[in-house]
Structures are given as C-alpha cells and as structure tokens.
Amino acid sequence: MIKEAAPVLAADSATVTTDRMGRLYAVIPDDVARPLALAARQGIDPEAHGIFFESDPHPARSWTATTVRTIFEAVLSSPVAAQDHDAWGLRLYRKYGGCTLLGFIVGESGRDTGTRRWRDFDTTDDLRVRGCASIVAASRPALAGTCTF
C-alpha cells in the first residue's frame, strides 16, 4: 500500500480574514484543510452531542502540530490579527510556545473571503476544522508542543 505524503502548508498560503461579526478565519488550501479536519475529529465519538469535546493529542513533531504552528505564525504575521493578538488567544504563543487559537480554520473552497461568508456550508463540511486548535506551552515539558482541537 502506497501512502501519500502529507501536504505541507506554507505560511504565505494561509489567508487570514474576519467575518462580518469580526471573528477570525484562517483560510488554507483544501488539500491541507481536509486532513487537518480529520485530525481534529480524531478520537471524538461521532455520535456525541453537545460541546467541549477534545480530539486525541497529536505529538509535537506530527504533521498536525507542525501545520497548526504554521497557521499560528500566519495569523500572527497578518495585518488582520496584528492589532490584537490577545483577542485571538495568541499572545502567549511567542513567549511560551503554546496557546489556543480563538478563531476558525477552513479550506479555501468553503470560504469566500471577498464576501466574508461561507460558500456552500452544507457541502463543505470536510473543509471545516472543528474545535479550537491548541498547542501545549513549553511550561508543560512532557507535553510541550502537543496539538489538540
């Protein structure tokens, strides 16, 4: 069985925008969004109802954690988020290497950055990364860099 290589996300291929209510969106290529969306659902019971579910932890050197850190860097360097990193939960990322992004991650086919709306919400479920992407801070050495959603 041949396993495909995981797509690499370049920081400049992530578009950072907000919706009409000021919520942050990191719009990434579809080929990266699909496996990231699957990783965010890993370990969550598909029949579970409610909120506050957390995915399985992804190791610090995994494709998932590396991709999330790239998204964090793209958000931090964007003019959209530059005004207030604290509003998006990223203030501690530069200092401690970990934080939770208080925004959304979605594939580019699922989001129209011009109108700041979903393109076709019902058919782009596979492009929406559920939960808040988190990286464990360096203050927890055994888990530092681990990623969850």
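Here, the structure is the one placed above.
Basis of the calculations
- Residue indices begin from 1 for each chain and proceed along its sequence in written order.
- The model is predicted, so local features are restricted to residues of pLDDT at least 70 and side-chain atom pairs to those at 80 or more, both for listing and for counting; the totals for chains, interfaces and linings are taken over all residues.
- Computation of side-chain values covers all heavy atoms of the structure but excludes hydrogens and water.
- Should DSSP find at least two bridges between two strands, the strands are taken to pair.
- Numbered from the N terminus, helices here are DSSP runs of H or I no shorter than four residues, and strands are runs of E no shorter than two.
- Fitted lines through C-alpha atoms give the axes, limited to the stretch in contact for helices. The angle between two N-to-C directions lies from 0 to 180 degrees.
- Two helices crossing with the near one rotated counterclockwise from the far one by less than a right angle form a left-handed crossing, whereas a clockwise rotation gives a right-handed crossing.
- Contacts are assigned to residue pairs that have any heavy atoms within 4.5 Å of one another.
- Amino acid classes used here: Ala, Val, Leu, Ile, Met, Phe, Trp, Tyr, Cys and Pro are nonpolar; Asp, Glu, Lys and Arg are charged; the rest, including Gly, are polar.
- Note on definitions: salt bridges are taken to be side-chain nitrogens of Lys or Arg within 4 Å of carboxyl oxygens of Asp or Glu.
- Burial classification: accessible surface area is computed with a 1.4 Å probe over protein chains only, and a residue below 20% of its type maximum counts as buried, one above 50% as exposed, and the rest as partly exposed.

Enquirer: Go over the sheet that holds strand β4 (residues 104-107), please, and point to the residues and values.
Expert: Spatially, the four strands line up as an open sheet ordered β1-β2-β4-β7, and their pairing is mixed. In this open sheet, the two strands that pair with only one neighbour each are β1 (15-18) and β7 (128-129). Bridge count for β4 against β7 is two bridges, and the pairing is antiparallel. Residue pairing for β7: Val106 is matched across the bridge by Arg128.

Enquirer: Describe the packing of helix α1 (residues 30-41) against helix α2 (residues 63-77), and please don't skip the residues or the numbers.
Expert: The contact between α1 and α2 brings their axes to 11 Å, and the two run at 115 degrees. The crossing of α1 and α2 is left-handed. Contacts from Val32, Pro35, Leu36 and Ala39 in α1 reach Trp63, Thr64, Thr67, Val68 and Ile71 in α2. Tallied by class, residues from the contact of α1 with α2 come to seven nonpolar, two polar and no charged.

Enquirer: Would you mind going over the pattern of salt bridges in detail, with residue names and values included?
Expert: Per the stated rule, a full pass over the model turns up six salt bridges. Put simply, Arg34 and Asp126 hold a salt bridge, and the shortest N to O gap is 2.7 Å. Here Asp126 lies in the loop between β6 (117-118) and β7 and Arg34 lies in helix α1, a separation of 92 residues in the sequence. A residue is classified by how much of its surface remains accessible, and Arg34, at 37% relative accessible area, is partly exposed. For Asp125, the salt bridge identified is with Arg128, shortest N-O distance 2.9 Å.

Enquirer: Before we move on, could you go through the pairing of strand β2 (residues 24-28) and cite the residues and values that matter?
Expert: The element β2 is largely enclosed, with a buried count of five among its five residues. Of the two faces of β2, the one holding Leu24, Ala26 and Ile28 and the one holding Tyr25 and Val27 are both buried throughout. The pairing of β1 with β2 spans four bridges and is antiparallel. Across the sheet, the residue bridging to Val16 is Ala26, located in β2. Here β1 folds back onto β2, and the loop between the two strands holds five residues, one of which, Gly22, carries a positive phi near 85 degrees. As defined by bridge partners, β2 adjoins β4 across four bridges and the pair is classed as parallel. For Tyr25, the partnering residue across the bridge sits in β4 and is Phe104.

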